[in-house]
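Read off the chains here:
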Number of protein chains: 2
Amino acid sequence: MVSLELPSAVMAFNQKPVRAVLLDISGVLKNCVDGKDVAIKGSVDAVNRLKASGMPVRFCTNETTTTRSALVKKLQAIGFKVEEDEVFPPAPATCLILKQRGLRPHLLIHPALEPDFKGMEQKDPNCVVIGDAQESFSYQNMNAAFQTLIALDKPVLISMGQGKYYSEDNKLVLDVGAYKAALEYACGIQAEVVGKPSQAFFLSVLSSMNAKPEETVMVGDDIESDVGGAQKCGMRGVLVRTGKYRPSDEQHPKVKPDSIVDNLAQAVDILLKTK
Amino acid sequence: MVSLELPSAVMAFNQKPVRAVLLDISGVLKNCVDGKDVAIKGSVDAVNRLKASGMPVRFCTNETTTTRSALVKKLQAIGFKVEEDEVFPPAPATCLILKQRGLRPHLLIHPALEPDFKGMEQKDPNCVVIGDAQESFSYQNMNAAFQTLIALDKPVLISMGQGKYYSEDNKLVLDVGAYKAALEYACGIQAEVVGKPSQAFFLSVLSSMNAKPEETVMVGDDIESDVGGAQKCGMRGVLVRTGKYRPSDEQHPKVKPDSIVDNLAQAVDILLKTK
C-alpha cells in the first residue's frame, strides 16, 4: 500500500508490480565533491534495503572515467554493498561489440579507462571509440580522432553514452555527448551509442537478471538517457532530484518521468511499500 | 567567348554576366604549410588580373585565427594586392551585432583574434561567441563557455562560421562548426552564425560593392559554406580543387556547384573571357 501522505507525483510508478530495479550511479548513489566521491544522503541504506528485500538490482551506468573494477572499489570504499557483476558500464559492452565485428579502435577515452581496453588490437584503426575523456578532449586529440574517421570509407564512431552534461563539484560539465555531436557534424555521420539510452544496452542488463522491461524501474538523474531511455524500452523511468537534476527537467519537452522523487531513499521507500 | 577546349563542367557559371566576385581566402588564395602561409600557384596573378579588369572584388572569409589587420598584412607579405576594406571576416560583423543588441560576450576565440574584440564589455556575459579557437578548444575552456550558456535563461550562442574542417599542413583539422555543434547539443539550443554561409553576412559584403547576388560569383573551397551558402543567396558558387577540397565534394548530396575548377587561376581565366 502506498501511504496517502505521499504527493501524487511520486505515486504513479508503483501502481503496477515492480520486480527488478536498475540504478544509475553518478548523481543517484554518489556525487563528486572536490574530486572525491561522496555518497548521497540515504543512498547506502537505500541500496541495502532494496537488496535485503530480495529485489534484483543492477547498476546501469555510463561511467567511462574509470574501469569497472576501480568503480566498484570506489563504491565499496564509501559504503555501498555492490559487486562487479552487478555493475554495467559501457566499456565491457563496447569491447564485446568490437570483437564481434572485427573492429580495431582508435580510442579517445579517459586514461584511467585504458585497462578495460587492454588486449584490443589498436593498430591500423577502422573505427573510433569515444568516452568521457574529460581533459583528454584536447583540440589535438579531437583532431586525431577526426582524421581517423574522415580517412575511412565508411566511418564508424562508437560513443559510450550520449549524455549532454553531468554535475561535478557542484558545476555542470560537458559529457561525451557533446564531443560525439562535434565528430558527427564534422564527418557528416551518425555515431552508434553503447550505454544508456541504447535499447540493446538496457536489454542486456535486464537479461542478466531475467527481468522483463514492464516489471522494471530505472532510477536516474538524467532525464533523457536514464528516464527517457528506460521508457523507450518499456520500463518505468523515475527521476531523482539529485546529481545533475535541474528544475527545468520537470518541464522537459519530450520526456515525462513516471515519477519524480527527491532522492534514491524516497524512491526505495515507495518501491518497498509495493511489495 | 568561352574557349571550346574547356571541359563542360567549367563553362556553366559564366553564361550569365558576372559583374562582381567574392573570393574565399584560405584554400583559394593561400594554404598553410608548416605553419606558414604560402600563396597557391597562380593566385597572386589571378587577383591582379581580376582587379586590372575593373571587376569589383571582395575577400569573404571565415578566418578567425587572426585579426583582420594581421590577415591583410600576411596576404600582402606573400604578394597579394589587398586592402583592409576589401576583406570581410566574421569578427567585425560580430562586434557590430553585439553592440546593436547590448550583448556582453564570453569569448571562446583564438588568442590572436582578441584585439578585434578590444573595448567590448565582457563582464557579466549574456552570450557566448565562438570562433576557430584551435588549441584554445580545451575541455576547460569548452566547459567555461558551456557553463555561461547553461546559466542563462535564454542562452545566446554566436558562432563565427560553421565550417566542419579545413586543411592545415596537408591535414584536415576541425573547424569551429564542430564545437558549435557540441555546445548546441549540450545546451539544446541553435547557434546564430555570423560569417559564411549566413545570408545576412553575404549580403552585407555584396552591399559594400553595390552588387546584386544574381550578378556575383563566389569562389571557395568549402562546398557547403562557400558554394552552397552563395547559391542560397542567389549567387553562383564555384568550387576550387585546392585547399580542403576532396574528390567526394563533387558528389555532395545537397550542393551542386555552378562550376568546379582546378584553382583560382582557372576560375579567373574563365571569368575574364566573359567580359
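What counts and what doesn't
- Residues numbered from 1 in each chain as written.
- Chains lettered and ligands numbered in written order.
- Predicted model: local features only at pLDDT ≥ 70, side-chain atom pairs only at ≥ 80, totals over all residues.
- Heavy atoms only, no water.
- UniProt positions renumbered as here; feature names shortened; annotations may be inferred.
- Helix = DSSP H or I, 4+ residues; strand = E, 2+ residues; numbered from the N terminus.
- Buried < 20%, exposed > 50% of the residue type's maximum accessible area, 1.4 Å probe, protein only.
- Contact = heavy atoms within 4.5 Å.
- Areas by Shrake-Rupley, 256 points an atom, 1.4 Å probe, with all protein chains shown as cover.
- Buried area = accessible area lost by both parts, 1.4 Å probe.
- Salt bridge = Lys/Arg side-chain N within 4 Å of Asp/Glu carboxyl O.
- Polar contact = N/O pair within 3.5 Å; in protein donor to acceptor, adjacent residues only side chain to side chain.
- Least-squares fit on C-alpha atoms with pLDDT ≥ 70 in both.
- Phe/Tyr/Trp six-rings, centres within 6.5 Å; stacked < 30°, edge-to-face > 60°.
- Core = buried A, V, L, I, M, F, W, Y, C linked by side-chain atoms within 4.5 Å.
- Domains from an automatic or database assignment.
- Pairing = 2+ DSSP bridges.
- pLDDT = per-residue confidence, 0-100.

Per an unreviewed UniProt entry, chain A carries the name Phospholysine phosphohistidine inorganic pyrophosphate phosphatase and comes from Littorina saxatilis. The annotation that UniProt attaches to chain A under Catalytic activity (unreviewed entry) is "diphosphate + H2O = 2 phosphate + H(+)". According to the UniProt record, the Cofactor (unreviewed entry) comment for chain A is "Mg(2+)".

Draft legend 1. Structural context of the overall build of chain A. Summing up its helical and strand segments, chain A has 8 helices and 14 strands in all. Along the first, second and third principal axes, the C-alpha atoms of chain A reach 60 × 40 × 35 Å. Counting all 275 residues of chain A, 56% fall into the buried class. Counting only contacts in chain A whose residues sit at least 6 apart along the sequence, the fraction spanning at least 24 positions is 65%. Summing over all exposed atoms, chain A offers an accessible surface of approximately 11,800 Å²; the carbon and sulfur share of this is 50%.

Draft legend 2. Highlighting the interface of chain B and chain A. Listed as interface residues are 29 residues of chain B and, on the opposing side, 29 residues of chain A. Taken together, the two surfaces of chain B and chain A that pack against each other cover about 2,600 Å², and 62% of this comes from carbon and sulfur. Counting the surface chain B buries against chain A, the share from its top three residues, Tyr139(B), Leu174(B) and Tyr185(B), is 31%. Counting every contact that joins chain B to chain A gives 0 salt bridges. Taken together, the links from chain B to chain A amount to 10 residue pairs in polar contact (both at pLDDT 80 or more).

Draft legend 3. Representation of helix α8 (residues 264-273) of chain A in the model. Residues and elements named next belong to chain A. Among the 10 residues of α8, 7 are classified as buried, and the element is accordingly described as predominantly covered. Taken together, the buried positions of α8 are Leu-264, Ala-265, Gln-266, Ala-267, Val-268, Ile-270 and Leu-271. Those residues of α8 that are buried lie in contact with β1 (20-23), α1 (43-52), β12 (216-220), β13 (236-240) and β14 (259-261). Where α8 starts, the residue carrying a side-chain oxygen 3.3 Å from the main-chain nitrogen of Ala-265 turns out to be Asn-263.

Draft legend 4. Here's a closer look at the relation of the copies chain B and chain A. With an RMSD of 0.0 Å, the fit of chain B onto chain A corresponds to turning through 180° and sliding 0.0 Å along the axis. Such values leave the two copies arranged in the relation of a two-fold axis. Taken as a fraction of all interface residues of chain B, those also at the interface in chain A reach 100%, which identifies the copy contact as same-surface.

Draft legend 5. View of the packing of aromatic side chains. Taken as a whole and judged by the stated rule, the model has 8 aromatic pairs over all chains. The interplanar angle of 40° and the centroid separation of 6.4 Å between the aromatic rings of Phe137(A) and Tyr139(B) together place this pair among those described as tilted. Of this pair, Phe137(A) sits in the loop between β7 (127-130) and α4 (139-150) while Tyr139(B) sits in helix α4 (residues 139-150), each in a different chain. Ring geometry for Phe146(A) and Tyr165(B): centres 5.5 Å apart, planes at 35°, overall tilted. Of this pair, Phe146(A) sits in helix α4 while Tyr165(B) is found in strand β9 (residues 165-168), placing the two residues in two different chains. Assigned by exposure class, Phe146(A) and Tyr165(B) land together as buried.

Draft legend 6. Structural view of the nonpolar core. By size, the foremost hydrophobic cluster in this structure holds 52 residues, and its most contacted members are Met142(A), Phe146(A), Tyr179(A), Met142(B), Phe146(B) and Tyr179(B). Not counting residues up to four positions away in its chain, the partners in contact with Tyr179(A) are Ile130(A), Phe137(A), Met142(A), Leu174(A), Tyr139(B), Met142(B) and Tyr179(B).

Draft legend 7. How the structure looks around the domain arrangement of chain A. Residue and element names in this part refer to chain A. One can read the domain layout of chain A as domain 1 (6-24 + 39-60 + 196-262) and domain 2 (96-193). For domain 1 and domain 2, the distance between their C-alpha centroids amounts to 27 Å. Taken together, the contact between domain 1 and domain 2 spans 10 residues of the former and 9 residues of the latter. A combined buried area of about 640 Å² lies between domain 1 and domain 2, and 52% of that area is made up of carbon and sulfur atoms. Inspection of the region where domain 1 meets domain 2 yields 1 salt bridge.

Draft legend 8. Representation of the sheet that holds β1(A) in the model. Strand order in the open sheet formed by 6 strands is β5-β4-β1-β12-β13-β14 (chain A), with parallel pairing between adjacent strands. Two strands in the sheet have a free side with no partner beyond their single neighbour: β5 (87-88) and β14 of chain A.

Draft legend 9. Representation of the pairing of β9(B) within the structure. Residues and elements named next belong to chain B. Bridging between β9 and strand β10 (residues 171-174) involves 4 bridges; their strand directions are antiparallel. Note that in β10 the partner of Tyr-165 across the bridge is Leu-174. The antiparallel pairing of β9 with β10 creates a hairpin that spans 2 residues between the two strands, and Asp-169 there sits at a positive phi of about 50°.

Draft legend 10. The arrangement of the side chain of Asp249(A) in detail. One can find Asp249(A) in the loop between β13 and β14. Sequence-distant contacts of Asp249(A), that is, excluding residues within four places in its chain, are made with Tyr165(A), Ile223(A), Leu239(A) and Lys244(A).

Draft legend 11. Spotlight on the confidence of the model for chain A. Across chain A, pLDDT averages 94, with 95% of residues at or above 70. Two numbers describe this predicted complex: its pTM, 0.91, and its ipTM, 0.91.

Draft legend 12. Representation of the environment of Pro115(A) in the model. Structurally, Pro115(A) is set in the loop between β6 (105-108) and β7. Sequence separation of Pro115(A) and Met218(A) is 103 residues, and the distance between their C-alpha atoms is 29 Å.

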